[in-house]
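# Structural overview for review
So you can see what is in the structure, the chains are spelled out below.
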Amino acid sequence: MGLLDTLKRIEPDKKESPFLHTLFDGFFTFAYAPNSVAKGGTHIKDGIDLKRTMVLVVLAMQLCYVFGSINIGHQHFAALGQYPGFVQGLHLKLAYGLVKLLPIFAVTHLVGLGIEFWYAAKKGHAIEEGFLVSGALIPLIMPPDIPLLWLGFAVAFAVIIGKEAFGGTGMNILNVALLARVFIFFAYPTTISGDEVWVAGLAKPEAGAMVEYGAIFTGFFNPLFEALGFTSLFNPEATVIDGYTAATPLSLAYQGGWENVTRVYSESQMWWGAIPGSIGETSKPLILAGAGILIATGIASWRIMLSMFVGAAVMAMLLNAWDATPFMSVPWYYQFWMGSFFFAMAFMATDPVTAASTNRGKIIYGFLIGFVGMIIRVLNPAYPEGWMLAILFMNVFAPLIDHYVLEANVTRRLNRAQA
Amino acid sequence: MKNNTLYTFLVALFMFSSNSVFAASSASGSSILNLALWAIAILIIFFLIIQVSDNLIRIEAKDAGIDEKNKAGLSLFPSLSGLFSPKMPDYVGGAPVHILKAGHDIVLEGAAEKTIRSGAATTYAVLPQNFIGISPIPKVTVAVGDEVKAGDVVCFDKKRPDVKYVAPVSGEVIAVNRGAKRSIKEIVILADKEINYKSITPVDLATASREELVNFLLENGAWAMIRQRPFGIVPDAADVPKDVFISTFDSAPLAPDLNLVVEGKGAAFQKGLDVLGKLTTGQVHLGLNAASDSAPSSVFTNATGVKKNWFHGKHPAGNVGIQIHHISPIAGNDKVWTLGVQEVITIGKLFTEGKFDASRIVALTGAETASPAYVNTYQGANIGALIGEINENVRLVSGDVLSGKEKTKEEFMDFYDDQITTIKEGNEYEMFGWLAPIDARPSVSQTFLSGLADITYEANTNTHGEKRAFVVTGQYEKVLPMDIYPQHLMKAIIVNDFERMEGLGINELVEEDVALCEFACTSKQPLQQILREGLEVMREQA
């Protein structure tokens, strides 16, 4: 217990330096489960706590992180016509992806956790774990070239206005990660919509455009890879190839239906996720694996996931029946091949704080997200994706859904009294 | 009902037609997927037609009154609950069983061996604060040094002087200990070697009026054996309960086996049931366990004058509150009574033997108990004397680990308890204990691999995490087999909205019912404490 004693000795005083104490407490309880014992109620407590719950969610999205970092590089090189196989030039793709992803991750956590720590110190309570998940989600739902300053603004907005203003973890009405994204979506729309933003490192996704490599690639990675014996290196002379389009499947579908999509992307490519998009939302099997972990451990609600799928499918079928635009005529099951439906379903809609909190309410809540989200995706002329707005919209309505479910319970009890 | 069916049908038809439009428009591809979708759609429409007609048959049957008992009798389909319900053991004899899906059994080390020793306690105590709502300083009618017989009155509440609290054993009153704010904490009696009973002439059950019977029970200390829902208090003498409920099994961790407890006391138990039957305008309900390997004691299964209700489920299926909810839920201003099996026997013995016999068979349990077994003693026994030597850093609990009270060796068992549990204190830091614990720990969540194995846990009192705001939803519902939303009820209590509390069913609950929810809580919220605060608010309002 030498380490424990050392740590206890350096613990800052709570009164003299509350911020340092909070910081210490946060990291200390992370390293050591506290020695507190049950008082006054049950004498044993379940092994699960909020840290374990939150970290399991973060672990469930690690596959998306791995795939996302490679895919940033893959999309970049696809635009240059280099390394067409997904694992070709893996070291370059990974290096490129990490150079893009790590700053996003770092800024998100510095800003978000910094604000969390500051509020915790100010209010004199322990650091709550909510931002572990929000902080892990935010990088996955950003385009790879997001300007870091704006990302910082967005995270600060989401944490302060979205969460701390309502009282912190467990009290927020809107999903914090989505709030960060929607902030960028409305404040800096050009960085997060359109065809240009989903592939990193290009001045313009047009044929002949020059690639932009910073000194870190030419001055650090190239010599490093050379020393390690790789022959393939970052080529600062490369240009975007002829006929390249950075359009996402959704915008292609919006323009010309499913045929237009399959001209550019194959079905398996879309399913496995080697397509442009937000960093972590492209690979369906890996997201579903994460969803499987969440369902198996009982952390996320299968009710929300299932009913959201059904809601989206029903709306897509109805749109198929309507069949007025090319996008509406995309077969309903192919709607799930495109866009970020599964990511929203597995990680966003299931946030227990902002979702409906009754089991019956969860089914209604999930269904309506699927239903409304598909409407937004297909009928919205400006932006062919709907889950972010649909989830935020239903976040607002979740308490109302719960209210009616609870009222039904109250009425059942009243009826019993009258019977 | 018909409207609902029709509505469902129309919606389904609409969905199907939209589906077929899509299928027709893309059938040119004639892929296997399309064909499969067509096939599924056709199957669904057939199923829907059959389902609708089946529902119509059932509705007709219900209207005609020929389908009263067997709800699925005229249906083409076997009822879902019939298909998926576990097979009931033979001893149930085909009687209807309440199957409770929610719940969780916590399997701990230190179950009591099925042998009964005689208890060696020399001191016993009446603890007035065991009775919820009693004034902090009740009138003590004995003084230190007085000799009392078992059944002699030792104290009563000045607000309700008719309810008498009596000595469980005979002997000398050696102390009246006071707790916080000079409240009476315990009235301690040094027991005689041979217990002398106050001689009691029981009223004749066949001829006595209800009033005479009530006065007899009040006078002889038997009234305190009864607890009333809502609130879990000793009932008012003027109240007539809607029903009386007795659970004949305890599903709490390491709980005593009541079949063993009741052995050889069938006559007294039956007499107690008869007495209770006289006191209620409704019925006396027994809750029996249909989830055990062996049949319940014949004392329970052969009891007469009562309604027997079978329950199959994990803890808290044995809690009488859960059973009430499924038999005849408390509604409006209903008041019902609940009793433990041993309390019924004490009431019965007033009539069969003419004495106040507060003998109790207590289970000594827990991983830290030297030899876990049953012990024959009396109500309010000294805990240290029963449990013997224990190691340091061990917690003593009167009751089970979920809803029992922490005690020291010098203190006494609570009035309604029939179990003492020992459990190791968990006051140690553990490196990354929240992520990768060294030892297996019980959990309702499915996040521990050890949950897949059949493990007997050696739990400790560590909280395994810090208190947080309510974050996770739906986890209480998983372990509370009632039509109640515990988290919303708790929030209503916290904001002191008593209309909402009542509406969401606070009157159906006492602490032991939400104890498993408190155990399971990710945010480590003190649900039992919150619930009691709410119940106190409700009691003041009533």
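Definitions and limits used
- Residues numbered from 1 in each chain as written.
- Chains lettered and ligands numbered in written order.
- Predicted model: local features only at pLDDT ≥ 70, side-chain atom pairs only at ≥ 80, totals over all residues.
- Heavy atoms only, no water.
- Helix = DSSP H or I, 4+ residues; strand = E, 2+ residues; numbered from the N terminus.
- Rg over C-alpha atoms; globule rule 2.2 N^0.38 Å.
- Buried < 20%, exposed > 50% of the residue type's maximum accessible area, 1.4 Å probe, protein only.
- Areas by Shrake-Rupley, 256 points an atom, 1.4 Å probe, with all protein chains shown as cover.
- Contact = heavy atoms within 4.5 Å.
- Buried area = accessible area lost by both parts, 1.4 Å probe.
- Salt bridge = Lys/Arg side-chain N within 4 Å of Asp/Glu carboxyl O.
- Polar contact = N/O pair within 3.5 Å; in protein donor to acceptor, adjacent residues only side chain to side chain.
- Nonpolar A, V, L, I, M, F, W, Y, C, P; charged D, E, K, R; others polar.
- Pairing = 2+ DSSP bridges.
- Core = buried A, V, L, I, M, F, W, Y, C linked by side-chain atoms within 4.5 Å.
- 1 Å grid on protein atoms, 1.4 Å probe; cavity = no way out; pocket = protein on both sides within 12 Å on 5 of 7 lines; lining within 4 Å.
- Points joined across faces, edges and corners; volume = space filled by probe spheres on them.
- Domains from an automatic or database assignment.

### Considerations on the overall build of chain A
The number of helices and strands found in chain A is 16 helices and 1 strand. Taken over the C-alpha trace, chain A has a radius of gyration of 24 Å; the compact-globule value for 419 residues is 22 Å, and the two agree within 12%. Once the C-alpha set of chain A is aligned to its principal axes, its extents read approximately 70 × 65 × 35 Å. Put simply, chain A has 419 residues, and 58% of those count as buried. In the form shown here, chain A has an accessible surface area of approximately 16600 Å², with 67% of it arising from carbon and sulfur atoms.

### Side note on the interface of chain B and chain A
Residue-level contacts link 80 residues of chain B with 70 residues of chain A. Counting the surface lost from both chain B and chain A, the interface buries some 6400 Å², and carbon and sulfur atoms represent 58% of this. Taken as a group, Tyr429, Trp434 and Arg468 of chain B account for 15% of the area that chain B buries against chain A, more than any other trio of residues on that side. Across the contact surface, chain B and chain A share 8 salt bridges. A salt bridge links Glu508 of chain B to Arg413 of chain A; the nearest nitrogen and oxygen atoms lie 2.9 Å apart. Counting the contacts that link chain B with chain A gives 36 residue pairs in polar contact (both at pLDDT 80 or more). Those elements that provide at least two residues to the side of chain B that touches chain A are α1 (2–25), α2 (32–64), β17 (394–398), β18 (405–407), β20 (430–431), α12 (498–503) and α13 (511–520) of chain B. For the side of chain B that touches chain A, the element with the highest residue contribution is α1 of chain B, accounting for 6 residues. When the residues that make up the side of chain B that touches chain A are grouped by side-chain class, the tally is 36 nonpolar, 26 polar and 18 charged. Here strand β1 (residues 32–33) of chain A pairs with β20 of chain B via 2 bridges, running antiparallel. By the bridge assignment, Tyr32 of chain A is partnered in β20 of chain B with Met431 of chain B.

### Considering the nonpolar core
Counting 126 residues, the largest nonpolar core has Phe234, Met338, Phe343, Phe347, Met348, Tyr365 and Ile369 of chain A as its most contacted members. The leading source of residues in this core is helix α13 (residues 302–322) of chain A, at 11 residues. Those residues in contact with Ile369 of chain A, other than ones at most four positions away along the chain, are Met308, Ala349, Trp387, Ala390, Ile391 and Met394 of chain A. Formed by 88 residues, the second largest nonpolar core is a distinct cluster that contains Phe131, Val166, Ile189 and Phe216 of chain B.

### Focus on empty space enclosed by the protein
All names here are of chain A. For the structure shown, the criterion picks out 9 cavities of 30 Å³ or more. Roughly 340 Å³ of volume is contained in the largest cavity. Those elements that provide at least two residues to the lining of the largest cavity are α3 (50–60), α6 (130–140), α8 (176–187) and α14 (341–348). Looking at side-chain class alone, the lining of the largest cavity contains 16 nonpolar, 8 polar and 2 charged residues.

### Re the side chain of Lys407 of chain B
Turning to its location among the elements, Lys407 of chain B is positioned in strand β18. Excluding its chain neighbours within four sequence positions, the residues that come into contact with Lys407 of chain B are Leu127, Ile383, Leu396, Ser398, Phe412 and Asp414 of chain B.

### Considerations on the domain arrangement of chain B
Residues and elements named next belong to chain B. Split by domain assignment, chain B resolves into domain 1 (2–95), domain 2 (116–198 + 356–423), domain 3 (210–352) and domain 4 (463–541). Between the C-alpha centres of domain 3 and domain 4 the distance comes to 25 Å. Listed as interface residues are 15 residues of domain 3 and, on the opposing side, 16 residues of domain 4. Summing both partners gives a buried area of about 1400 Å² for domain 3 against domain 4, and 57% of it is carried by carbon and sulfur. The largest share of the area that domain 3 buries against domain 4 comes from Arg229, Phe231 and His325, three residues that together contribute 42% of it. On the surface where domain 3 and domain 4 come into contact, there are 2 salt bridges. A salt bridge links Glu512 to Arg229; the nearest nitrogen and oxygen atoms lie 3.6 Å apart. On inspection of domain 3 and its partner domain 4, the count reaches 8 residue pairs in polar contact (both at pLDDT 80 or more). For the side of domain 3 that touches domain 4, the class distribution of residues is 8 nonpolar, 6 polar and 1 charged.

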